[in-house]
Amino acid sequence: MRTTHADVLLASVGERGVLCDFYDEEGSNTYRDLIQDADGTPEAREFATRVGPVPGPVLELAAGTGRLTFPFLELGWEVTALELSAPVVDGFRMRLAEAPADLRDRCTVVQADMSAFSVDRRFGAAVISSGSVNELDEAGRQGLYASVREHLEPGGKFLLSLALSEVAESQPPERRQELPGQSGRLYVLHVSVQPAEETQDITIYPADETADPFVVCTHRRRLVPADRIVRELLRAGFDVIARTPFASGASGRAGHEDMLLVEAVKQEGAIPAAR
């Protein structure tokens, strides 16, 4: 999708402009440059406190290029990492190939849609990182819950990290910040929030106005309140047993609680009627 800010940028750079989605093939270089070295260790440790230090096989959904996967592997976990985007999966596999053999041997990479997947094994826990649930519409989220429930062992846990609603609501409707890439290139992140539509439009582009090509990556993400996710989990056959605020470290403020870890347990038997 084209954001309003992307239209302005593309008009200013003319033929140098290239429009892409952050997660598609054209945007994969920007994605890898910005995401590959992102430190997911604080978030991974929050998951570990709820799952245990060395659990059985764990399913990670929307794994990306391994921001959480590699900290999980370093904790001794065995992880099946599921990701939909083919370019992102390619980047993950390249990174995994360079990892120590012990980590490689405990990681299985699966290209699949988190809202409708089938993996030939069951897991003691499934985890999904911050923001990923918001990639799905309501029907997609229902598919996610059903697929996870089908793949969990009896009593298995489903853990989700979500943005704290009050933190999200406190953000300005429009903001801009510069982000360094692994390559040394500098990018600009522009975010515009549409509260009535519960969405945010994301535009990422080079800070260097003379860049050729001038790649403009866009993406629209839903803003689903955490309380709604909790209600949906209950209707989908999970008991929500804990909701724990934590600091992801992404805010840049030490100790600043900006995320919520939701811990749900698979109910046994038939899925309850909608509540």
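Conventions we followed
Residues numbered from 1 in each chain as written. Predicted model: local features only at pLDDT ≥ 70, side-chain atom pairs only at ≥ 80, totals over all residues. Heavy atoms only, no water. Helix = DSSP H or I, 4+ residues; strand = E, 2+ residues; numbered from the N terminus. Rg over C-alpha atoms; globule rule 2.2 N^0.38 Å. Buried < 20%, exposed > 50% of the residue type's maximum accessible area, 1.4 Å probe, protein only. Contact = heavy atoms within 4.5 Å. Areas by Shrake-Rupley, 256 points an atom, 1.4 Å probe, with all protein chains shown as cover. Lys, Arg positive; Asp, Glu negative; His and termini not counted. Charge placed at Lys NZ, Arg CZ, Asp CG, Glu CD. Pairing = 2+ DSSP bridges. Axes fitted to C-alpha atoms, helices over the stretch in contact; angles between N-to-C directions. Arc of directions from axis to C-beta. Parallel < 35°, antiparallel > 145°, perpendicular 65-115°, else oblique. Left-handed = near helix turned anticlockwise from the far one by under 90°. Nonpolar A, V, L, I, M, F, W, Y, C, P; charged D, E, K, R; others polar.

Colleague: Now, about the overall build of the protein chain: what can you tell me, with residues and values included?
Modeller: Scanning the protein chain for helices and strands turns up 9 helices and 12 strands. In terms of overall dimensions, the protein chain is globule-like: its C-alpha atoms have a radius of gyration of 19 Å, near the 19 Å expected for 275 residues. Projecting the C-alpha coordinates of the protein chain onto the three principal axes gives extents of approximately 60 × 45 × 35 Å. Per-residue burial over the protein chain gives 49% buried out of 275 residues. Expressed as a percentage of contacts within the protein chain between residues at least 6 apart in sequence, the contacts between residues at least 24 apart total 65%. When the accessible surface of the protein chain is totalled, it reaches about 13,100 Å², and 49% of it is carbon and sulfur. Seen as two clouds, the 28 positive and the 43 negative side-chain charges of the protein chain have centres 4 Å apart.

Colleague: Give a description of unusual backbone geometry that names residues and reports values.
Modeller: Along the chain, Asp212 connects to Pro213 via a cis peptide bond; the corresponding omega equals 5°. For Glu198, which is not glycine, the phi dihedral falls at a positive 55°. With respect to the helices and strands, the residue Glu198 is situated in the loop between strand S8 (186–194) and strand S9 (199–206).

Colleague: Requested: an account of the sheet that holds strand S1 (residues 17–21), with residues and values cited.
Modeller: Sheet architecture is open: 5 strands sit in the order S1-S10-S9-S8-S7, paired in mixed fashion. Edge positions in the open sheet fall to S1 and strand S7 (174–180), since each of these has one partner strand only. Within this sheet the neighbouring strands show an average axis-to-axis angle of 20°, counted without direction. Here S8 pairs with S9 via 8 bridges, running antiparallel. Pairing of Tyr187 across the sheet is with Pro206, part of S9. Helix H1 (residues 4–13) contacts S1, S8, S9 and strand S10 (214–222) of the sheet and is inclined by roughly 170° relative to S10. Helix H2 (residues 28–35) contacts S7, S8, S9 and S10 of the sheet and is inclined by roughly 100° relative to S8.

Colleague: Which residues make up helix H9 (residues 226–235), and what values do they have?
Modeller: The set of residues buried in H9 consists of Ala226, Ile229, Val230, Glu232 and Leu233. Axial view of H9: buried residues confined to an arc of 165°, hence all on one face. Downstream of H9 by a residue or two, Gly237 has a phi angle that is positive, lying close to 100°.

Colleague: Explain the packing of helix H7 (residues 138–151) against H9 to me, and be specific about the residues and the numbers.
Modeller: Between H7 and H9, the least distance of the axes is 10 Å, while the angle of their chain directions is 50°. As judged from the angle between their axes, H7 and H9 are oblique. Viewed along their axes, H7 and H9 form a crossing whose handedness is right-handed. Contacts between H7 and H9 pair Glu138, Arg141, Gln142 and Tyr145 from the former with Arg228, Ile229, Glu232 and Leu233 from the latter. Within the contact of H7 with H9, the residues separate by chemical class into 3 nonpolar, 1 polar and 4 charged.

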